[in-house]
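Secondary and tertiary structure notes
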Amino acid sequence: MLNELKLMEAHQEVHERIAKKAPLGETLDAIAHWIEILLPEAIVAFMHFDPQQQTLSLSPSQRFSASYQARLQQVPIGPDSASFGHAAFCREPVVTEDIRTDPLWAAFRDAAEREGLRAYCSIPVVTAEGELLGTIGTYFRQPFHPCDTSRRRLKQAAALVALAIIRDRDASKH
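My aim in this report is to walk through the structure given alongside it, one point at a time. Counting starts from 1 at the beginning of each chain's written sequence and moves along it residue by residue. Local features in a predicted model are, by the rule used here, given only for residues with pLDDT of at least 70; side-chain atom pairs are given and counted only at 80 or more, and totals for whole chains, interfaces and linings are based on all residues. To obtain the side-chain values, all non-hydrogen atoms of the structure were included, while hydrogens and water were left out.

**Looking at the sheet that holds strand β5 (residues 119-126)**
We treat two strands as partners when DSSP finds at least two bridges between them. A helix here means a DSSP run of H or I that spans at least four residues, while a strand means a run of E at least two residues long, and both kinds are numbered starting from the N terminus. One open sheet accounts for 6 strands, arranged β3-β2-β1-β6-β5-β4; its pairing is antiparallel. At either end of the open sheet lies a strand with only one pairing partner, and these are β3 (75-76) and β4 (94-96). Bridge count for strand β1 (residues 43-50) against strand β2 (residues 55-58) is 4 bridges, and the pairing is antiparallel. Within the sheet, the bridge partner assigned to M47 lies in β2 and is L58.

Have a look at this one:
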């Protein structure tokens, strides 16, 4: 059973880091921790969008091998570019119940297999004005389909990531 107190404390930690303008990496780690309490079987990933190149790059994380992180750098967004590239392109959540059989994962299937990853849910991180900032994703080691509650929570997480990125971007301008 989900520990509600632990969940609330993790959620509060996210809000405090955003309010205190903590470094972006620390805030993203806090968001990942919150999601991993919600979905204990999930491995959380953030991808940053480069608007000039129209690419996504996996944020540094100890959750993935160096080779996987290197493979997911400067990946063009598009309708056929894995779940994360498709979600960014369409600005809609994308669920891959099984990476082994999903045609979107053709270019990344081997890399995901080497990491032991089987399923993925990607949510675009978009500002209120519609600016794409990146994606937040959850990987799973077995086929998976998120329930409605999980999808709502992941959308909440994407909104928190957007807020953290905007705060970080504003802080770096000053």
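**Details of helix α1 (residues 4-19)**
By definition here, a helix of n residues has an expected span of 1.5 Å times n minus one. For α1, spanning 16 residues, the distance from its first C-alpha to its last is 22 Å, which sits close to the expected 22 Å at 1.5 Å a residue. Taken as a whole, α1 has its buried residues at L7, A10, V14 and I18. Each buried residue of α1 lies within a common arc of 80° when the element is viewed along its axis, so the set occupies one face. Facing away from the buried side of α1 by over 90 degrees, the exposed positions are L5, M8 and A19. Polar contacts here mean pairs of N or O atoms no more than 3.5 Å apart (in protein, one a potential hydrogen donor and the other a potential acceptor; neighbouring residues in sequence count only if both atoms are side-chain atoms). Of the residues that open α1, the one with a side-chain oxygen 3.1 Å from the backbone nitrogen of L5 is N3. Phi for K21, located one or two positions after α1, is positive at around 55°. Burial classes follow relative accessibility: with a 1.4 Å probe on protein chains only, a residue under 20% of its type's maximum area counts as buried, one over 50% as exposed, and anything between as partly exposed. What the arc covers is the set of directions going from the helix axis to the C-beta atoms.

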